[in-house]
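The lines below spell out each chain.
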Amino acid sequence: MQKFMEPDKRMTAKEAIGQFVNDGESFVFANCLYSMPLALTHELIRQGKKNLMAFQQGGIEEIDQLLLAGALDRLALAYNFRAGGPRITTPLDRALKEKQIVVEELTNHTLLSMMKAGAMGYPFIPVLSGIRVSDVVKRRGFMGDQRFAEVTDPFTGESILVIKGYNPDFALMHVQRADKAGNGQLWGAMINSKWACLAAEKVILSCEKIVDTDVIMSSPHLTIVPAHKVCAVVECPWGAHPSEILGHYDYDFPFRALFFGSCANPEGAGAWMDEWIYNVADRREYIEHYISRFGQDTLDAFKAKSFKSVEADYGSTFSTDWNENGYSRNMGMNMDEFVAMLDEKGALIHGN
Amino acid sequence: MGTNYTVNELIVSRAAKELKDYELVVIGQGIAMAAGVLARKTHAPNSVILTEAGMFGIDPFKVPLHIADPTCSKGFTYSCDMIDIFTTVVNRGYVDATFLGVGQIDRYGNMNSSYLGDPDDFTIRMTGAGGAPEFVGYANRAILTMSGGTFVDKLDYFTSPGYVNGGNSRYEAGMPEGSGPTVLITTKGVFKFDPDTKEMYLAGLHPGASVEDIRKDVPWDLNVADELDATPVPTEEELHIIRTFSPEVSMGRKLQLEVVMNKVFALLSKNA
């Protein structure tokens, strides 16, 4: 099991994806709907990564964009937003019909349970057995029988439904803040983040802001991913746009409508991909382009107002047993008396 | 003096009446969330709303875009994750009611939100299962709404369990005793489920709808209650709450996309 122990993993999205993503690997989005790692996803597309397998809990635009780029050939999926009615053919519809990808249908709970079992190092985990009547369980996709099974509960003798654990090669994740070692902190909708990032062999992390480790030390309850899981930390303001992230910005619905409107036909979708992914170098250029197209005021309208969490006080006396006068609070003696006591009791070994 | 309302507003107003005070309810987005909020602002102020994403006790001031949209509420009371919701809350039986929007439904309230047409040669892929199978499977009651979906004899894909093959088959398959869909509210009427056979029957009519008209939408020989309830028209107070909270629900997805796209094109031409 590879651990990532370097104290400073800061790099650009281009460096992170270039260094840690290989064609043919499996990955999971360690956010779902909320705070989507779209800057990292767009970099994956720009670098022309191929034959990837994605675990997607629930998504809005990222799966369609990866499919338009031809980056995926396998998709384990619970939910994907669909814009428009039956007359519209989406990029996912087209990719499935043209056999560009194979799919494995799951539910939100069972997909995340695969990640949870994988994260915990368990071979499988029980799920809610009643859904055995659903075609999600009965029909099989590219994973075949390596997904659901019925086992006998050793305590009751009843048959229960279980799902196999899985460890994707990497996770893409976006959070509010992280330190340079990669301790990442997320708040808002926690949804799949903990289990998805812990299931992966490595986590490529982007954040709105890099902070001092002191900030992390004073708020460890917010840390969703520990540094040893993280191979790269990318500071990337607006890294989740057009999705939302508390304390920074709301979702941008009109921008999403523009993407889905463009997707009505392959030409429109291609033009959108050129304009917003291929023709910009990174997220900074993407935002600059946004401002030139829609105006600074349009972007500013999505910026969050502040609603700060009341601080959890992680304070203590911060003192050892020895007080400011050099006396122990527990033993009522100073250091000299302590050493003399050790000697008197025969606990000290006299060296040469 | 008539009240003017949209069909979605009528569905929201009727669905809100299905919630009782002091209930714990799982709600997603759209019509369902509007109904939950309307209930909290009228007859069910002590109900607690949570979403699948782990946001417990939200107090939404606008309709969330999706189940994990925390910008809909100024904070919430308990932040957990999706595994916690499905196990410690749903599986332990704490959920009184859940709402679900329907794509395709059969006579026993089983639903399809995955594929239209043969899954191997489909017409469209809908959203997929999401959380629907476990929520409808394990919540005490499921309140179903359908604004664009269809009744079918046989589902193209069986995503979420209603009463499976009727009778006790749902409980024999492992779902909690007594659980299941209790009501389906469509654009034309209200349907309920027979306590023994678990087959759906027509229980109420919306203003202007007729039994004959509804029969045309249903491919099986639909049972109809001896006395049909008349769905009340939304009050001015309800309409004010719904429109303030969610104009997008009032107008519906199709009209919303049209209105927003017009705004985008206006912005693009201004900055061209």
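Residues numbered from 1 in each chain as written. Chains lettered and ligands numbered in written order. Predicted model: local features only at pLDDT ≥ 70, side-chain atom pairs only at ≥ 80, totals over all residues. Heavy atoms only, no water.

Here we look at the overall build of chain B
Logical step 1: For chain B, the helix and strand inventory stands at nine helices and 15 strands.
Logical step 2: Projected onto the principal axes, the alpha-carbon positions of chain B cover approximately 60 × 45 × 45 Å.
Logical step 3: Within chain B, counting contacts between residues at least 6 apart in sequence, those at least 24 apart form 64% of the total.
Logical step 4: In the structure as shown, chain B presents an accessible area of about 11100 Å², 51% of it carried by carbon and sulfur atoms.
Logical step 5: If the 23 positive side-chain charges of chain B are averaged to one point and the 34 negative ones to another, these points end up 7 Å apart. (Helix = DSSP H or I, 4+ residues; strand = E, 2+ residues; numbered from the N terminus. Contact = heavy atoms within 4.5 Å. Areas by Shrake-Rupley, 256 points an atom, 1.4 Å probe, with all protein chains shown as cover. Lys, Arg positive; Asp, Glu negative; His and termini not counted. Charge placed at Lys NZ, Arg CZ, Asp CG, Glu CD.)

Let's talk about the environment of B:Glu23
Residue and element names in this part refer to chain B.
Logical step 1: Looking at the element boundaries, Glu-23 is found in the loop between helix H1 (7-16) and strand E1 (24-26).
Logical step 2: Judged by relative accessible area, Glu-23 falls into the buried class, the value being 8%.
Logical step 3: Apart from the residues within four sequence positions on either side, Glu-23 is in contact with Ser-47, Val-48, Asp-96 and Arg-141.
Logical step 4: Among the polar contacts listed, one links the side chain of Glu-23 to the backbone nitrogen of Lys-20, at a separation of 3.0 Å. (Buried < 20%, exposed > 50% of the residue type's maximum accessible area, 1.4 Å probe, protein only. Polar contact = N/O pair within 3.5 Å; in protein donor to acceptor, adjacent residues only side chain to side chain.)

Considerations on the sheet that holds strand E6 (residues 104-105) of chain B
By way of backbone hydrogen bonds, the strands of a sheet pair with one another, either parallel or antiparallel.
Residues and elements named next belong to chain B.
Logical step 1: An order of E7-E6-E11 is seen for the three strands of this open sheet, with the pairing classed as mixed. Looking at strand neighbours, the two that pair on one side only are strand E7 (111-112) and strand E11 (150-151), the edges of this open sheet.
Logical step 2: In this sheet, E11 lies alongside E6 in parallel orientation, the contact comprising two bridges. Opposite Ile-105, over in E11, you have Phe-151 as the bridge partner. (Pairing = 2+ DSSP bridges.)

Some details on the domain arrangement of chain A
Logical step 1: For chain A, the assigned domains read domain 1 (13-300) and domain 2 (316-352).
Logical step 2: Inter-centroid distance (C-alpha atoms) of domain 1 of chain A to domain 2 of chain A is 55 Å. (Domains from an automatic or database assignment.)

Observations concerning the interface of chain B and chain A
Logical step 1: Contacts between chain B and chain A engage 59 residues on the former and 62 residues on the latter.
Logical step 2: Summing both sides of the interface, chain B and chain A together bury roughly 5200 Å²; the carbon and sulfur share of this comes to 65%.
Logical step 3: For chain B, the biggest contributors to the area lost against chain A are B:Leu65, B:Ile83 and B:Arg125; these three give 13% of the whole.
Logical step 4: Between chain B and chain A we count three salt bridges in total.
Logical step 5: B:Asp120 is the salt-bridge partner of A:Arg139, the closest N and O atoms lying 3.1 Å from each other.
Logical step 6: At 10 residues, the largest contribution of residues to the side of chain B that touches chain A is made by helix H9 (residues 253-271) of chain B.
Logical step 7: Its residues assigned to classes, the side of chain B that touches chain A shows 33 nonpolar, 16 polar and 10 charged. (Buried area = accessible area lost by both parts, 1.4 Å probe. Salt bridge = Lys/Arg side-chain N within 4 Å of Asp/Glu carboxyl O. Nonpolar A, V, L, I, M, F, W, Y, C, P; charged D, E, K, R; others polar.)

Here's the deal with a nonpolar patch on the surface
Logical step 1: A cluster of nonpolar residues, A:Met335, A:Val339 and A:Leu348, forms a patch on the protein surface that exposes about 230 Å² of accessible area.
Logical step 2: Residue position: A:Leu348 is located in the segment after helix H13 (335-344). (Patch = residues over 30% accessible without salt bridge, like charges linked within 9 Å, V, L, I, M, F, W, Y side chains within 5 Å.)

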